[in-house]
Amino acid sequence: MHRRKSIRIQEIAEKAGVSVGTVDRALHDRGRVAQKTKDTVMKIAAELGYAVPKTIDRKIEIGVLLPDPSTNSYWEKPLEGIVQAADLLNDTGLSIHLQLFDYNNENDYLQNGHQLLDAKLEGMIVHPKYKEVTFELIRRAEQDEMKLAFIDMNVMEIEPDYFIGQNIDACGALVGRLIEISTRAKEDIWVVNPYHDERLPISFQRERAVVNFLTKRGQDRSNIVIIDLPLKDKNASSFFEGKDSPKAIYVTNSRVAETYALMKEVQHFEDKETVFIGHDLLEDNKELLKSEKIDFLITQDSTRQGREVLENLYKIVKSKQHKKIETLLPPSLVTKENS
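So, how was this worked out
Per-chain numbering applies: the sequence of each chain, read as written, is numbered from 1 onward. Per-residue local features of the predicted model are confined to residues with pLDDT of at least 70, and side-chain atom pairs are confined, for both listing and counting, to 80 or more; whole-chain, interface and lining totals are unaffected and use all residues. To obtain the side-chain values, all non-hydrogen atoms of the structure were used and water was disregarded. We define a salt bridge as a contact between a side-chain nitrogen of Lys or Arg and a carboxyl oxygen of Asp or Glu at a distance within 4 Å. A run of H or I in DSSP becomes a helix once it reaches four residues, and a run of E becomes a strand once it reaches two; helices and strands are each numbered from the N terminus. Here the term buried applies to any residue with accessible area under 20% of the maximum for its type, exposed to any over 50%, and partly exposed to those in between, with areas from a 1.4 Å probe on protein chains only. Pairing between two strands requires that DSSP report at least two bridges joining them. Between N-to-C directions, angles span 0 to 180 degrees; the directions come from axes that are lines fitted to C-alpha atoms, helices contributing only their stretch in contact. Only heavy atoms enter the contact rule, under which two residues are in contact if any of them lie within 4.5 Å. Put simply, buried Ala, Val, Leu, Ile, Met, Phe, Trp, Tyr and Cys residues joined by side-chain atoms within 4.5 Å make one nonpolar core.

**Q** Please clarify how the pattern of salt bridges should be interpreted in this entry.
**A** Two side chains carrying opposite charge are able to pair once their charged atoms lie near each other. Under the criterion given, the structure shown has 17 salt bridges. One salt bridge connects Glu80 with Lys77, and the closest N-O pair in it is separated by 3.8 Å. Taken together, the residues Glu80 and Lys77, both in helix α4 (residues 76-88) and 3 residues apart, mark about one turn of the helix. A relative accessible area of 33% means that Glu80 is categorised as partly exposed. We classify Lys77 as partly exposed; its relative accessible area is 42%. Of the charged contacts, one joins Glu180 and Arg217 as a salt bridge, the two residues approaching to 3.0 Å between their closest N and O atoms. Placement of Glu180 in helix α7 (residues 168-180) and of Arg217 in the loop between α8 (201-216) and β7 (224-230) is noted, with a sequence separation of 37 residues between them. When its relative accessible area of 28% is taken as the criterion, Glu180 is described as partly exposed. Taken together, the shared-partner salt bridges in this structure form one network comprising Lys147, Asp161 and Lys324.

**Q** I would appreciate a short explanation of the sheet that holds strand β2 (residues 94-101) in the present structure.
**A** The strands making up a sheet associate through hydrogen bonds between their backbones, and the pairing can be parallel or antiparallel. Strand order across the open sheet formed by 6 strands is β2-β1-β3-β4-β5-β11, with parallel pairing between neighbours. Every interior strand has two partners, whereas the edge strands, β2 and β11 (325-329), have only one. If you compare each strand with its neighbour and ignore which way they point, the axes differ by 15° on average. Both strand β3 (residues 123-126) and strand β4 (residues 147-151) contribute to a ladder of 4 bridges, which runs parallel.

**Q** I would appreciate a short explanation of the sheet that holds strand β9 (residues 275-279) in the present structure.
**A** Read from one edge to the other, the open sheet built from 6 strands follows the order β7-β6-β8-β9-β10-β12, with strand pairing classed as mixed. Two strands close off the open sheet at either side, each with one partner strand: β7 and β12 (332-334). Direction aside, the axes of adjacent strands within the sheet are offset by 20° on average. When strand β6 (residues 189-195) meets β7, the two strands line up parallel, connected through 7 bridges. Bridging from a neighbouring strand, Val191 pairs with Ile226 of β7. Sheet strands in contact with helix α9 (residues 256-266) are β6, β7, β8 (248-251), β9 and β10 (296-299), and its direction is about 145° off that of β9. Packed on one face of the sheet, helix α10 (residues 283-290) meets β9, β10 and β12 and runs near 145° to β10.

**Q** Which parts of the structure should I look at to understand the nonpolar core?
**A** In summary, soluble globular proteins display a tendency toward joint burial of nonpolar side chains. With 32 residues, the main nonpolar core has Ile62, Ile125, Val309 and Leu310 as its most contacted residues. If you list the elements that add at least two residues to this core, you get β1 (60-67), α4, β2, β4, β5 (162-166), α8 and α11 (302-319). Per-element tally for this core: the top contributor is α11, with 6 residues. Here Ile62 is in contact with Leu94, Ser95, Ile96, His97, Leu121, Gly123, Met124, Ile125, Leu310, Leu313 and Tyr314, once residues within four sequence places are set aside.

Next up, the structure:
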């Protein structure tokens, strides 16, 4: 049987009902896999015509600590990109260990991180959502001389070997220009930072970028209202009470739909008269966009983000290089017409 070039480890994993990492270990005879599972994987691989490489120069195992897409759908695309890259690199000896954590659960993040560290890997990809407990994980990683890559959010104090994420300054400039052409002098602008358990560093970075852009362009700082919005607070909507209706609203992360709903409980601004900007193509956000309740969503090529974070960390681990590098992705603008 000739091998179909399109056969992917992911296809085998889906048919076998196991993870991509389990398939990789079974095919390449590395790590612990139950014999029954290994037999199933090998049988499916043979049926699909997947040719297992005979020799590998060096085995490299990399851990992946990302939010579970079932708890935040944004992460479907980065995870898809990582799986794509893992499949392309499977003949080189690379295998990945996936640990997906609840996006809204700090303890789950920490526990999954320690499970990866227990595996004694050579590298680890992390979305460091919870900054303080990330320090705990990184101490262990550094003891094992593990190479680190951060995706989508950086922690400057840690200085990972590789970082890939959105170009924050470019994002601030894009949002700032949208606000600038939609408002006049003395009209209020709201910059809203919604959060669940703790404030997100990336929200603060985006806030600063857009405020710096607007003030440098002559916007009066007194007309820019910063609102930190604790979504778990039962009285969260009260944070919008007593404020004049804004001409522009910018939500600094993906919690756009939740923020919009809370605003509408106490505010009565006209959607068509207020420019509303947020982040990420989550389904609830897309519905607001398509119904013209909000105007713009900012995103980036998330599949590329996942693909490149694994490809580049793999190169760093294999070459044992020490230079810190980063990739900053340009922001993309999504409207009702191109969503």
